[in-house]
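# Chain and residue survey
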Amino acid sequence: MDAFLNQAFAGLSMASILLMVALGLAIIYGAMGVINLAHGEFVMLGAYSAWLLQTYLGLGILVALPVVFLMVALVGLLVERGVVRWLYHRPLDTILATWGVAILLQQLVRSVIGPESRYVAGPSILDGNLVLGGVVMSNYRIFLIFFSLAVVAATWFLLKRSEFGTKLRAVIQNKEISECYGIRADRVYSLAFAYGAGLAGMAGALITPLVSVTPTMGTYLVVDAFLVVIVGGVGSLLGTVAAAGLVGEATAMFSMLMNDTIGRIAVLLAIIFLIRFKPMGLFPDKVRR
Amino acid sequence: MKRRDFLKGVAVAGAAGVVGFPGIWTQRKAAWAANGEIPVGILFSLTGAVAVVERTLHDAALMAIEEINDNGGIHGMRLRPFIEDPASDPATYADRARRLVLRDNCVSVFGSYTSASRQAVLPVVEGRDNLYWYPTLYEGRECSRNVMYGGAVPNQQQQEFVPWLVENFGGRFYLIGNNYVYPREENNVCKMILDQIGGEAVHEEYVPMGHSDFSSVINRIRQTNPDVIFCTLVGDSDVAFQRQFHAAGFDPEQLPVASLTRSEVEVKAMGGAAAAGHFSSAPYFMAHASPENARFVEAYQRKYGSDQVTHFVSEAAYFQVYQFKAAVEQLDPSDITPTNIRAAAVGQTLMAPQGEILIDENLHTHLWPKVAQWDRSGQAKVVLESQERIAPEPYWAYEGQRCTGEGLVTL
């Protein structure tokens, strides 16, 4: 039983990381329809921003989070202004363009900061473990679970309750009509893209205590993020949350029953089946386009 | 153009080719070393996934070349490095190696970190009978006459390490590695030793390359309750595993991680606190006390920055250039060919930072294995030093096969 509960917690913890990485993509890909292959690199830039702030200014990652968010959001804004905005009417070309941006960012970091993996200290107040019976839970992972849910709540509020969200949803439904009502669609898109990038950056900063910070760290994450968004249903926030939970727990359970390698394969197979029978994902977007 | 003119043109061009480029017919035109220069290839990735490590090997090899040139070269000739960036892609390694050997006329190529890239280069250097100097520890089970192996093979890393671990911590091992050939071969050797001395592998598992979430593995470690974690994870996976293992609150005195692949580079990335108290086995550690090593570390940090570390692969990348130099010095300048260099290198000894090493006739290197314990500063303290130089036996785990001076022999 303890083994099962420990594993369930591991799954939840994986889900929280997936959720944070995928949330930014849920907006950029889900809402705006841009297939952003540079998303993993935004995560990587977030991790490097956290490293910079910690090494040169002595800021812990929790304190640095808002700054990291702004730094990566700025990069996102530049990418949107410089590249993506020209491609909204050619969505497939965004694949190639953002892939190029990804390679560029990766090599830039490698050339400027160096290829070696960097060390970022975790927050010391979250060291240690919470032990309940036979279940051992790392405090930092518990924090990540709650933090990711908080970010979802904030994003939901931004999209559904704020004026910006209303404008964004209007632009997504019909760009031309929205512009007739005085909404500056290009500005709304820029800000939404920057927000998605900022979220990715924050996710990158938060996973630094668990992984190794290298220029290539984003490559693995972007695949998982796309899986989560597609399983959840493009454009659905709730779907992203549910899919992250599902993929995280499925990975944990399969790897308990078999091992991590086969567990991973099993999860991918399960996703293929799911997409076969529910091509629009778990919670398809019901908006007419 | 008329057909007759065309044929005439082809004939003229062909004749010009025969006369103008006799090298096409005679295979070798000029001597290998000419114009006061000895061309050597440097084939380490500066971009892509393995650039993290290979950059340091590139730096170490170039530093050795520079030192040799500053001290008058070899026979008054300078080493001229031809640098290629194979971009972490095995097929590109083969392509660039071909370029170095054919176009640039290199007498030797220094390169590769991964086995995949070495094996991609193998047909090129074997086909042209050139020499490839490979600095990395690897899984053994290879016996090419065209590769100079500078790193440890399994018996050199494990034959003292595993019994020592069993004696000090107990015989129940949890084997974890990335899913490719190196960890599997090393674990075979480990299980073989455990069988002989009465230990057991309680669990053996492999995770995909780049795997970064180890919560399931850590849960399994809790359940199986082993005495030692025998770890052959590499690079980012090793860093992620150790950070998460440390955060999960295990005590290194009760359950140490014993790694074959963890060097100063990985420890720097995971932080000294996470690595402190755990063990690595390798022929070289940056903190090893010897005058040669003090000189090496000092020169390296002066050249590349005081925050840089040297490690067991960059040491080999460095000393292999000196092995090359020592071999070429024995040759008459007109005799400098890859095969003569190989013949001159066999049996040669050299004071490397790790101690006095010897090139075996099977082209692997006799090394000084050490076991070291990491401390919070990110350095390793050597706790067990081999009493004698250990001979390389790349087919140690394979009864009936031996790598000798004539290549692989089946007994």
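Residues numbered from 1 in each chain as written. Chains lettered and ligands numbered in written order. Predicted model: local features only at pLDDT ≥ 70, side-chain atom pairs only at ≥ 80, totals over all residues.

## What about the overall build of chain B?
Short version of the rule: To qualify as a helix, a DSSP run of H or I must reach at least 4 residues; to qualify as a strand, a run of E must reach at least 2; elements of each kind are numbered from the N terminus. C-alpha atoms define the radius of gyration in this analysis, and the globule rule sets the expected value at 2.2 Å times the number of residues to the power 0.38. Exposure in this text rests on C-beta crowding, where 20 or more other C-beta atoms within 10 Å of a residue's own make it buried, 12 or fewer make it exposed, and counts in between make it partly exposed. The C-beta atoms are placed from the backbone. Each residue is represented by a C-beta atom placed from its backbone, and any two residues with such atoms within 7 Å are regarded as in contact.
Scanning chain B from terminus to terminus reveals 15 helices and 17 strands. Since a compact globule built from 411 residues should have a radius of gyration of about 22 Å, the 23 Å found for chain B is in line with a globular shape. Each principal axis of the C-alpha distribution contributes one length, and for chain B these read about 85 × 50 × 45 Å. Looking at the 411 residues of chain B, the share that counts as buried comes to 52%. In chain B, the share of contacts with a sequence separation of at least 24, taken over all contacts with a separation of at least 6, comes to 70%.

## Things to note about the domain arrangement of chain B
Residues and elements named next belong to chain B. Here is the rule we go by: A domain assignment, automatic or from a database, supplies the domain bounds used here. Residues are grouped as follows: Ala, Val, Leu, Ile, Met, Phe, Trp, Tyr, Cys and Pro are nonpolar; Asp, Glu, Lys and Arg are charged; all remaining types, including Gly, are polar.
Partitioning chain B into structural domains gives domain 1 (32-152 + 283-368) and domain 2 (156-282). Listed per partner, the contact involves 18 residues of domain 1 and 12 residues of domain 2. Sort the elements by how many residues they give to the side of domain 1 that touches domain 2 and helix H3 (residues 51-70) lands first, with three residues. Taken together, the residues of the side of domain 1 that touches domain 2 sort by class into 12 nonpolar, four polar and two charged.

## Some details on the packing of helix H7 (residues 161-169) of chain B against helix H8 (residues 181-197) of chain B
Residue and element names in this part refer to chain B. Here is the rule we go by: Comment: axis = line fitted to C-alpha atoms, over the contacting stretch for helices; angle = value between 0 and 180 degrees taken between N-to-C directions. Comment on the angle field: the value is read as roughly parallel under 35 degrees, roughly antiparallel over 145, roughly perpendicular from 65 to 115, and oblique elsewhere. Left-handed is the label given to a crossing in which the near helix is rotated counterclockwise from the far helix by less than a right angle, and right-handed is the label when the rotation is clockwise.
One can describe the packing of H7 onto H8 by two numbers: an axis separation of 10 Å at closest approach and a directional angle of 50°. By the angle between their axes, H7 is oblique relative to H8. As for how H7 packs across H8, the hand of that crossing is right-handed. Two secondary-structure elements touch here, H7 through Val 162, Pro 163 and Val 166 and H8 through Cys 190, Ile 193, Leu 194 and Ile 197. A breakdown of the residues in the contact of H7 with H8 according to their chemical character gives seven nonpolar, no polar and no charged.

## Details of the sheet that holds strand S4 (residues 132-134) of chain B
Residues and elements named next belong to chain B. Condition: When DSSP locates at least two bridges between a pair of strands, those strands are taken to pair.
Taken together, five strands build an open sheet; the order of strands is S2-S1-S3-S4-S5 and the sheet is parallel. Across the chains shown, the open sheet's two edge strands, defined by having one partner strand only, are strand S2 (78-84) and strand S5 (147-149). Across this sheet, the average inter-strand angle for adjacent strands is 25°, counted without regard to direction. Contacting strand S1 (37-43), S2 and strand S3 (108-111), H3 runs over the sheet at an angle of about 160° to S2.

## Remarks on the nonpolar core
What counts is decided by this rule: Core membership is restricted to buried Ala, Val, Leu, Ile, Met, Phe, Trp, Tyr and Cys residues, and these are joined into a nonpolar core through C-beta atoms within 7 Å.
One finds A:Ala22 and B:Ala61 to be the most contacted residues of the largest nonpolar core, which totals 209 residues. In terms of residue count, the dominant contributor to this core is helix H1 (residues 2-31) of chain A (18 residues). Taken domain by domain, this core gets at least three of its residues from each of domain 1 (32-152 + 283-368) and domain 2 (156-282) of chain B.

## Some words on helix H9 (residues 217-232) of chain A
All names here are of chain A. As a reminder of what qualifies: For a helix, the expected span equals 1.5 Å multiplied by the number of residues minus one.
With 16 residues, H9 extends 24 Å between its outermost C-alpha atoms, agreeing within 8% with the 22 Å of an ideal straight helix rising 1.5 Å per residue. Along H9, the residues classified as buried are Met 217, Gly 218, Leu 221, Val 222, Asp 224, Ala 225, Val 228, Val 229, Ile 230, Val 231 and Gly 232. On the buried face of H9, the contacting elements are H1, helix H2 (39-57), helix H10 (237-257) and helix H11 (260-277). Once H9 ends, the next one or two residues include Gly 233, with phi positive near 105°.

## Topic: the environment of A:Leu282
Mapped onto the fold, A:Leu282 is located in the segment after H11. Along the backbone, A:Leu282 and A:Gly30 are 252 residues apart, and their C-alpha atoms lie at a distance of 13 Å.

## Some words on the interface of chain B and chain A
Facing 33 residues of chain B, the contacting portion of chain A comprises 32 residues. Those elements giving two or more residues to the side of chain B that touches chain A turn out to be H3, strand S7 (200-207), helix H9 (215-224), helix H10 (235-247) and helix H11 (264-270) of chain B. When its residues are assigned to classes, the side of chain B that touches chain A shows 14 nonpolar, 12 polar and seven charged.

## Some remarks on the pairing of strand S11 (residues 349-352) of chain B
All names here are of chain B. With four bridges connecting them, S11 and strand S12 (residues 355-359) associate as antiparallel partners. Across the sheet, Leu 350 pairs through a bridge with Ile 357, a residue of S12. Turn length for the S11-S12 hairpin, with the two strands adjacent in sequence and antiparallel, is two residues.

## Quick look at unusual backbone geometry
Residue and element names in this part refer to chain B. Non-glycine residue Ser 88 carries a positive phi angle of around 65°. Of note, Ser 88 is situated in the loop between S2 and helix H4 (90-103). With a phi close to 65°, Arg 141 is a non-glycine residue in the positive phi region. Among the secondary structure elements, Arg 141 is positioned in the loop between S4 and S5. The exposure class assigned to Arg 141 is partly exposed, which follows from the 19 C-beta atoms found within 10 Å.

## Overview of the sheet that holds S11(B)
All names here are of chain B. Overall, antiparallel pairing links the three strands, which are arranged S11-S12-S13 in an open sheet. At either margin of the open sheet sits one strand with a lone partner, and together these are S11 and strand S13 (365-366). Sitting on the sheet, helix H14 (residues 312-329) is in contact with S11 and S12, with an inclination near 145° to S11.

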